Structure formats: structure tokens, C-alpha cells
Amino acid sequence: MTLTIFGVLGLLMLFILLGVHLAVALGTVSFVGVYWMMGSLDIGLSILSTTAYEALRKDVFIIIPLFVLMGDFVSRSGSANDLYALCNRAFRRLPGCLGVATVAGNAVFAAITGVSIAAAATFSRIAYPEMVALGYNKRFSLGTVAGSACLGMLIPPSILMIVWAVLTEQSIGALFIAGLIPGLILAVAFCGYCVIYAIRNPGCAPMMPAPSVTEADPAELRRQSMGGLAILGLIGVVIGGIWGGFLTPTEAAGFGTMGAFLLGLAKGMTRHDVLEAIYSAGRTTAPIMILLIAASMYSRFLAMGGATQVITDLLLSVSENPAVVLAIIFTVWVLLGMFIDSTSIILLTVPIFAPVATTLGVDPLSFAIFGILVIEAGLLTPPFGILVFTVKAAVPDAGVTLGDIFRGAIPFWILILGVAIMVLVWPELSTWLPYTFM
């Protein structure tokens, strides 16, 4: 049986190296593995079709598109511009004020979208031109936009958290709340870096008011305040509703999407914008749904074959020290982040690594936040670094190179991994809120 498991997992790695789409690879190896163990084509097809049907019935298949659609409505309403302008005004007396404003804007925007790519694309068009116009160093500006966009994967509602919760059968609401304190710590660390960089390099981050933070006329200020307060209200509905127990994650997603839709209409969103937002949400979520179905089949195969126990024994045979095993898991995630996207890493490894962590006595919530932090660092890791490519495609500057963005994002990559280790060393950072208030 052990040879069967490693043979099938080897086939999966081969498919990935050959560039086969992950959903196809997962579905194929799952079928091959179940057929190999059962020795019957009919039984294999029956088990996998039942697994797919059960996966489709999960409420996560409405939570993900609703949260993505909420973010699309907010983006197209122009509220992100209002939010950035308000952050500029609030932090203009700090060194590196536009960097801090970019981080703060991304933190708030993350609590609406849950998708880092959307934040990177949005703030590449909003924040980067402002920073360059004020005389900020290009590399620092690009790194700040790309690095702070990672907050979208940690600050709830996060698509990665939903995917993790589905695979491990954890509470989505508890995982959302668990990410709040680490997310805020990471945002503060990013802001601290921006301030220190500006103090040490005043020529690269000038201390002067940008055009967007000068005193606006009352009508403009009122418009910006309404947009910013509306976003905070949406966050209150989504996070406050889940935290207070008034709403399930599914209900919170529904109320949040409706609020974002009404906000968009109030801000002048057209019928064309509404349809484009719906199409965009569909294009974003459809591949995730297919991957989740294939991942459910993959998890069923691992459970049936006892793969988790085999791999747990293998890791513990290397060392019985939990720190060593967790270091191996950490290294695997960092290496995978160089070549494949975050969702794929979670789908491939979490069904295996999460039970290992439980065996080692690591709290499931703490391990989830640790994993999401390490995996999201892969968004900035060359040569894949999907956020880096997103920023390159979105910034209105043809002179920007991928190397500039990668080098500018290095400090943020280090801070992400630093906070991940903090969560592992002090699990209370992620467990205190959900275990106390939920």
C-alpha cells in the first residue's frame, strides 16, 4: 500500500512538472489511486462521483463567489480611491506617509476583497503614480504596493482561509477571527518598515504633502468620507456579524455583497459595471471551485490509502522534534511558493501536513495562520511571484522591471515569514480571539 501511495503521489508531481492543470492532475491521480486500491473501475468512479457531489453541496460554493463579488463591487464603485485619499490625509505627518497610507489602504481593502491580486492591481494604479509623483523611490514604491497586497490573504474574509477551512473541516468563522491579530501585527510591521525606511532615506521618501492630501473642497471631502465610512460599515457587517454570532459566514457574505452593490449604485456604478463585476467574480471563482472538487477527491484518496499516517511516520522518522518537522514543512512551502500559486499549494499539502501538525500537538488554528502566512510569502517569491507579475502588468509605467519589484518586496517577504514564526512560537496570537469570543 505504501508503494501505491508514493507511486500515485509521484505521478501527481510528474503531472505538475509537465504543466498539467492542477484540477486535472488531482482528479486523475485520485481516480488512479482509488482504482488501484479497489481493483474495480465501477467502485472507483462511484466513490469519486459521490465525493464530487458532496463537495458541491458545501456552503463554501456560495461564500467564495459572494466575497469576490463584494470586492469587485467596491473596486468598481471608486471607493478604493476614496479610501486611499482618506489614508493619505490621516498619515500625512508621518515619514513615508504614502507608504503607510498604501499599507493602511490595503489592510482595509483586504477586509473587503479577500483576494490579494485584486488589491495589487487596484493600488498599482492608485498608489504608485502618487508615490512617484511625490518623488518616492520607484523600487520602494513598487515593493510597498506588492508587499502590502499580501494582507488580502490573511485579513478576513480571505479566500485562502475558506479553502483551508474546507479541506480541514474547520470553522470558517473561527479561522477568520484567528487571522485578525496576526493580520494587524503584519500591517503594523509593514507600516513600521515604511516609516524607518523614510527616516533613513529621506531622499527616497520625501517628507512633504502629496497633491492628493492637500485640503480638499467640502464636496470632495464629503464624498471621500462617505466612501470610506461605507467600506468600514461593510467590514463591520461582515466581521462584526461573524464575531458577534449574529451571522454565519454565508449570511455575512450575502449581506456584505448586497451592501457593496448598494454602495456601488450610490457611487454611480453603471449597469455595465455591475455586469462586468459579476463576470469578473465568475472568472475568479470558477477555477477555484473546480480545484476544490478535485481536491476533495484527492483528500478522499489520501484518507482511504492511509497516506497521512504514512507521511507522518516518515517525517517523524527524520526527527521526533516538532521544531524539526515544522521546519521541514516550512521549507517545503517556501520552495513550492517559487513555482506554483497559493491555492494549489494548500490543495496539495494541507490534507497531508495538517494531520501531521495535529499529531505534533500544534493547535489547528495556529497552524492554519502559520501556513497561510508562509504560503502567501510565495506570492512575492521569484520566479513565480504572481503578485509581482500583477503589479508589473497594472502599473502605468513601462520602465518598471520585474527585478525592481522583486527587490523592493524583499523586506515585506522577510516580515511575512517573521510574523509566521511568531504565530508558531506564540500561538495565542491566533487562538486567543476565537477561543475567547466564539
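Here the structure is a predicted model, which means the values were calculated and not measured. Residue positions are given per chain, counting from 1 as you read along its sequence in written order. Since the coordinates come from a predicted model, pLDDT governs what is reported: local features require at least 70, and pairs of side-chain atoms require 80 or more to be given and counted, while whole-chain, interface and lining totals use all residues. Computation of side-chain values covers all heavy atoms of the structure but excludes hydrogens and water.

## A word on the layout of surface pockets
Of the two site types, the cavity is a set of points on a 1 Å grid over the protein atoms alone where a 1.4 Å probe fits but cannot get out, and the pocket is an open set with protein on both sides within 12 Å along at least five of seven lines, each lined by residues with an atom within 4 Å of a point. Grid points are joined across faces, edges and corners, and a volume is the space filled by probe spheres set on the points. Each pocket or cavity is described by its volume, and for the largest pocket that value is around 760 Å³. V115, I117, A118, T284 and I288 are the residues nearest the centre of the largest pocket, which is lined by 31 residues in total. Of all the elements in the fold, those that place two or more residues in the lining of the largest pocket are α4 (60–77), α7 (116–133), α9 (159–168), α14 (271–305) and α17 (342–359). Residues are grouped as follows: Ala, Val, Leu, Ile, Met, Phe, Trp, Tyr, Cys and Pro are nonpolar; Asp, Glu, Lys and Arg are charged; every other residue, Gly included, is polar. Looking at the lining of the largest pocket residue by residue, the classes come out as 15 nonpolar, eleven polar and five charged. There is about 370 Å³ of room inside the second largest pocket. Looking at the second largest pocket, it is lined by 16 residues, and the ones nearest its centre are M13, V332, T349, I352 and F353. Secondary structure counts use DSSP, requiring at least four H or I residues in a row for a helix and at least two E residues in a row for a strand, with both numbered from the N terminus. For the lining of the second largest pocket, the secondary-structure elements that each account for two or more residues are α1 (2–17), α15 (307–318), α16 (322–336) and α17. Take the lining of the second largest pocket: its biggest share by element is five residues, from α1.

## Side note on the state of the cysteines
Disulfides are defined in this document as cysteine sulfur pairs within 2.5 Å. Under the defined criterion, the tally for this structure stands at zero disulfides. Lacking any disulfide linkage, C194 is separated from the closest cysteine sulfur, that of C191, by 6.3 Å.

## Some remarks on the side chain of N106
On the secondary structure map, N106 appears in helix α6 (residues 97–113). Relative accessible area serves as the criterion here: at 1%, N106 is assigned to the buried category. In terms of polar contacts, N106 uses its side chain to reach the side chain of S148, at 2.7 Å. Each residue touching N106, except ones within four places of it in the same chain, is listed here: A119, F123, V145, S148, A149 and L151. Exposure categories follow from relative accessible area, calculated using a 1.4 Å probe and restricted to protein chains: below 20% of the type maximum is buried, above 50% is exposed, and the middle band is partly exposed. We call two N or O atoms a polar contact when they sit within 3.5 Å, provided that within protein one can donate a hydrogen and the other can accept it, with sequence-adjacent residues counted only if both atoms are side-chain atoms. Contacts are residue-level and defined by heavy atoms, with any inter-residue pair within 4.5 Å sufficient.

## Notes on helix α20 (residues 402–425)
For an α-helix the count is 3.6 residues per turn, leaving residues at separations of three or four pointing the same way. Take the residue count of a helix, subtract one, and multiply by 1.5 Å to get its expected span. Its 24 residues give α20 an end-to-end C-alpha distance of 34 Å, which sits within 8% of 34 Å, the value for a rise of 1.5 Å per residue. Note on bend: at a given residue it equals the angle between the axes fitted to the 7 residues ending there and to the 7 starting there. Of all the bends in α20, the greatest reaches close to 40 degrees and is centred on I410; the proline P411 follows between one and four positions later. Taken together, the buried positions of α20 are occupied by D404, I405, F406, G408, A409, F412, I416, L417, V419, A420 and V423. The inward-facing, buried residues of α20 abut α8 (138–149), α11 (180–200), α16, α18 (364–377), α19 (386–394) and α21 (428–437).

## Comments concerning the packing of aromatic side chains
Aromatic pairs are defined between Phe, Tyr and Trp rings, using the six-membered ring for Trp, whenever the two ring centres lie within 6.5 Å; interplanar angles under 30 degrees are classed as stacked, those over 60 as edge-to-face, and all others as tilted. For the structure shown, the criterion picks out 15 aromatic pairs. With a centroid separation of 4.2 Å and an interplanar angle of 5 degrees, the aromatic rings of F140 and Y197 are classed as stacked. Of this pair, F140 sits in helix α8 while Y197 sits in helix α11; the two residues are 57 residues apart in sequence, bridging distant segments of the chain. We note that F140, like Y197, is buried. Aromatic pair W333 and F370: ring centres 6.0 Å apart, planes at 55 degrees, arrangement tilted. Within this pair, whereas W333 is found in helix α16, its partner F370 is found in helix α18, the two being separated by 37 residues in sequence.

## Things to note about unusual backbone geometry
In this structure, E169 is a non-glycine residue whose phi angle is positive, near 60 degrees. Residue position: E169 is located in the loop between α9 and α10 (172–178).

## Topic: the pattern of salt bridges
Definition used for salt bridges: Asp or Glu carboxyl oxygen within 4 Å of a side-chain nitrogen of Lys or Arg. Evaluation of the coordinates by the stated rule reveals two salt bridges. Between R139 and D404 there is a salt bridge whose closest N-O contact spans 3.6 Å. Linking R139 in helix α8 with D404 in helix α20, this pair joins segments that are 265 residues apart in sequence. Residue D404 is classed as buried on the basis of its relative accessible area of 19%.

## Digging into the packing of α18 against α20
The contact between α18 and α20 brings their axes to 9 Å, and the two run at 165 degrees. Considering their axes alone, α18 and α20 lie roughly antiparallel with respect to each other. Both α18 and α20 take part in a crossing whose hand is left-handed. On α20, the residues touching S366, I369, F370, L373, V374, E376 and A377 of α18 are W413, I416, L417, V419, A420, V423 and L424. Looking at the contact of α18 with α20 residue by residue, the class counts come to twelve nonpolar, one polar and one charged. Note on geometry: axes are C-alpha line fits, over the in-contact stretch for helices, and angles between N-to-C directions span 0 to 180 degrees. An angle counts as roughly parallel when it lies under 35 degrees, as roughly antiparallel when it exceeds 145, as roughly perpendicular when it falls between 65 and 115, and as oblique in every other case. Throughout, a crossing is termed right-handed when the near helix is turned clockwise from the far one, and left-handed when it is turned anticlockwise from it by less than a right angle.

## Describing α11
Here α11 contains 21 residues, and its C-alpha end-to-end distance of 30 Å stays within 8% of the 30 Å for a straight helix at 1.5 Å per residue. Three or more residues of α11 are buried, namely L180, P182, G183, L186, A187, F190, C191, C194, V195, Y197 and A198.

## Quick notes on the environment of S225
Here S225 shows up in helix α12 (residues 218–243). Overall, the relative accessible area of 25% leaves S225 in the partly exposed class. For the pair S225 and S317, spaced 92 residues apart in sequence, the C-alpha separation works out to 58 Å.

## A few points about a nonpolar patch on the surface
Patch membership is restricted to residues that have no salt bridge and whose relative accessible area is over 30%. Joining uses 9 Å for like charges and 5 Å for the nonpolar side chains Val, Leu, Ile, Met, Phe, Trp and Tyr. All accessible areas in this document rest on Shrake-Rupley with a 1.4 Å probe, and a residue is counted as covered only by the protein chains that are shown. Taken together, Y35, L41 and L45 make up a surface patch of nonpolar side chains, about 290 Å² in accessible area. Classification of L41 by relative accessible area gives partly exposed; the value is 45%.

## Considerations on the packing of α6 against α7
At a closest axis distance of 11 Å, the pairing of α6 and α7 adopts a crossing angle of 160 degrees. Regarding the angle of α6 to α7, the classification is roughly antiparallel. The interaxial crossing formed by α6 with α7 has right-handed handedness. Judged by residue contacts, L98, G99, T102, G105, N106 and F109 of α6 engage A118, A119, T122, F123, A127, E130 and M131 from α7. A class-by-class count of the residues in the contact of α6 with α7 yields seven nonpolar, five polar and one charged.

Spatial relationships are all this shows, so hold off on functional conclusions.
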